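Tertiary structure, described
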Amino acid sequence: MRLLVVTHNYPRFPGDPAGAFVARIAQGAARAGFEVRVVAPHAPGTSVRETDQGLQLHRFRYAPEALERVAYTGDLHRGALWSPLAALAFPAFLLAFRRAITTEIRDFAPEIIHAHWWLPGGWLVSGRGTPYIVTCHGSDVRLLERSALFRRMARPVFRRAGRVTTVSRFLAADIGQLLKGDSGNLVPLPMPVDVAHFRQGLAVPKTTPPLILYAGNLVPSKGVDALIRAYALLRGRGLTCSLRILGEGPERQALERLARDLGAPDVSWSDFVPQGEMPAEYGRSTITVLPTRGDAEGLGLTLVEALLAGSAVAGTRAGGIPEIIEDGVTGLLMPYEPEGMAESLGRLLADPPLRQRLTDAGRGRVESVFATEPATARFLQLYRDVAQHHSGN
């Protein structure tokens, strides 16, 4: 079967976390005997044509390299294009993306298309006569809340899709509510995670003093400012611990200033690291935290990876996080505000047996749900079902 994957996020180099879950499904399809091509944006330093574990990757150019800043930031759907360079290149990005998809449909004649994120990928493949499925990851669902314009754009995309998958039950319910009769045939399907890779973190010694880790985008919705305030409260109460913030985004400088202003200049900062280094990052951490605000969290795969590597986890009740953290069973659910957050983190830091019990239970649960082979197999069967249904009509 010929599968075309359309995405604005795909690993740019070995170990790149950008779109790693997209690559995992595509690579799994290639191993299963599918002919697979992937269309993704070019990024500085990448090639236009690549071979990646049995599949063909086409990275379309849309601007000089200095202006290729639209994708891979984690911020495309957040009103975003906060970089002036990205905003300048966006119209050319959409036109080039459409041309690349048109070329692949013409030359490759895919039997099924898998578009990740309904915008831009799903929107660009809709109405072309080729059966497709759309996977919503969270940030694209939040677009539907913003305006009637986005909902009008989305309705035909979802209505024409052979199936719409989401990374959590929470997102499926949101889409159903926002689009009602035009929400398509929704099914929650977990993204595959490389269980063996992240389990390497189990062999990494824990850092002393205990380390709290945040790994993700530095944008307002992630609530990192509340985490820094909670950390300052813990330190003010005499609790010995450290905080590491691993990520990139427009809030970085403001967050660094906040840490200094709160008397916590010892916070450790790092840009994103290759996926190959993440098991050790999680493994040496006592707690991995996801302090997201509101509903801006489709699921929270960071928590899955952390549990596999032996880190206890804590998160807010945002979005799909409670589908990973069952409070008091696989981790702790925290309030959004710093005082309550500090109380939850302090409880975990002070009680090693509790941490161990929660981590063991959480690791067992996520291994059964997110292991690469069964999670990928569910997508492969979906491709076959949608393509067969289309050919029978």
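See the structure printed just above.
1. Focus: the packing of helix α1 (residues 20–31) against helix α14 (residues 372–392)
- At a minimum axis distance of 9 Å, the contact between α1 and α14 shows a crossing angle of 75 degrees. As judged from the angle between their axes, α1 and α14 are roughly perpendicular. Along its contact with α1, which presents R24, I25, G28, A29 and R31, the element α14 presents T372, T376, F379, L380 and Y383.
- For the contact of α1 with α14, the per-class residue count stands at five nonpolar, three polar and two charged.

2. Some details on the environment of V22
- Counting through the fold element by element, V22 comes out in helix α1.
- Note on V22: relative accessible area 1%, which makes it buried.
- Residues V22 and M191, spaced 169 residues apart in sequence, show a C-alpha to C-alpha distance of 8.2 Å.
- If we skip the residues at most four places from it in the chain, V22 touches V5, T7, N9, Y10, H116 and W117.

3. Topic: the sheet that holds strand β1 (residues 2–6)
- Across the sheet, which stays open at both edges, the eight strands sit in the order β3-β4-β2-β1-β5-β6-β7-β8 with mixed pairing between neighbours. Since the sheet does not close on itself, it has two edges, and those belong to β3 (49–52) and β8 (186–188), each with one partner. Each strand axis lies, on average, 20 degrees off the axis of its neighbour in the sheet, ignoring direction.
- Sheet contacts for α1: β1, β2 (35–41), β3, β4 (55–60) and β5 (112–116); angle to β2, the most-contacted strand, approximately 160 degrees.

4. Overview of the pattern of salt bridges
- Here the structure, examined in full by the defined rule, presents 21 salt bridges.
- The salt bridge involving R12 is made with D16; its shortest N-O contact spans 2.7 Å.
- Linked through salt bridges whose partners overlap, the residues forming this network are R37, R49 and E104.

5. Regarding helix α5 (residues 148–160)
- The terminal C-alpha atoms of α5 lie 19 Å apart, and with 13 residues this matches the ideal 18 Å at 1.5 Å per residue to within 8%.
- Most pronounced at A154, the bend in α5 amounts to some 30 degrees, and the proline P156 follows within four residues.
- Listed in full, the buried residues belonging to α5 are F150, M153, A154, V157 and F158.
- Elements that come into contact with the buried residues of α5 comprise α3 (118–125), β6 (132–136), α4 (139–146), β7 (163–166) and α6 (169–179).

6. Digging into unusual backbone geometry
- Cis geometry marks the peptide bond from L119 to P120, where omega comes out at 5 degrees.
- You can see P120 is positioned in helix α3.
- Omega for the bond connecting T208 with P209 falls within 30 degrees of zero, at 0 degrees, which places this linkage in the cis form.
- Along the chain, P209 turns up in the loop between α7 (195–199) and β9 (211–215).
- Residue Q53 is not a glycine yet carries a positive backbone phi of 50 degrees.
- You can see Q53 is positioned in the loop between β3 and β4.
- If you check the backbone angles, A109 has positive phi at about 50 degrees while not being a glycine.
- Secondary-structure assignment places A109 in the loop between α2 (84–108) and β5.

About the criteria used
Residues numbered from 1 in each chain as written. Predicted model: local features only at pLDDT ≥ 70, side-chain atom pairs only at ≥ 80, totals over all residues. Heavy atoms only, no water. Axes fitted to C-alpha atoms, helices over the stretch in contact; angles between N-to-C directions. Helix = DSSP H or I, 4+ residues; strand = E, 2+ residues; numbered from the N terminus. Parallel < 35°, antiparallel > 145°, perpendicular 65-115°, else oblique. Contact = heavy atoms within 4.5 Å. Nonpolar A, V, L, I, M, F, W, Y, C, P; charged D, E, K, R; others polar. Buried < 20%, exposed > 50% of the residue type's maximum accessible area, 1.4 Å probe, protein only. Pairing = 2+ DSSP bridges. Salt bridge = Lys/Arg side-chain N within 4 Å of Asp/Glu carboxyl O. Expected span 1.5 Å × (residues − 1). Bend = angle between axes of the 7 residues up to and from the residue.

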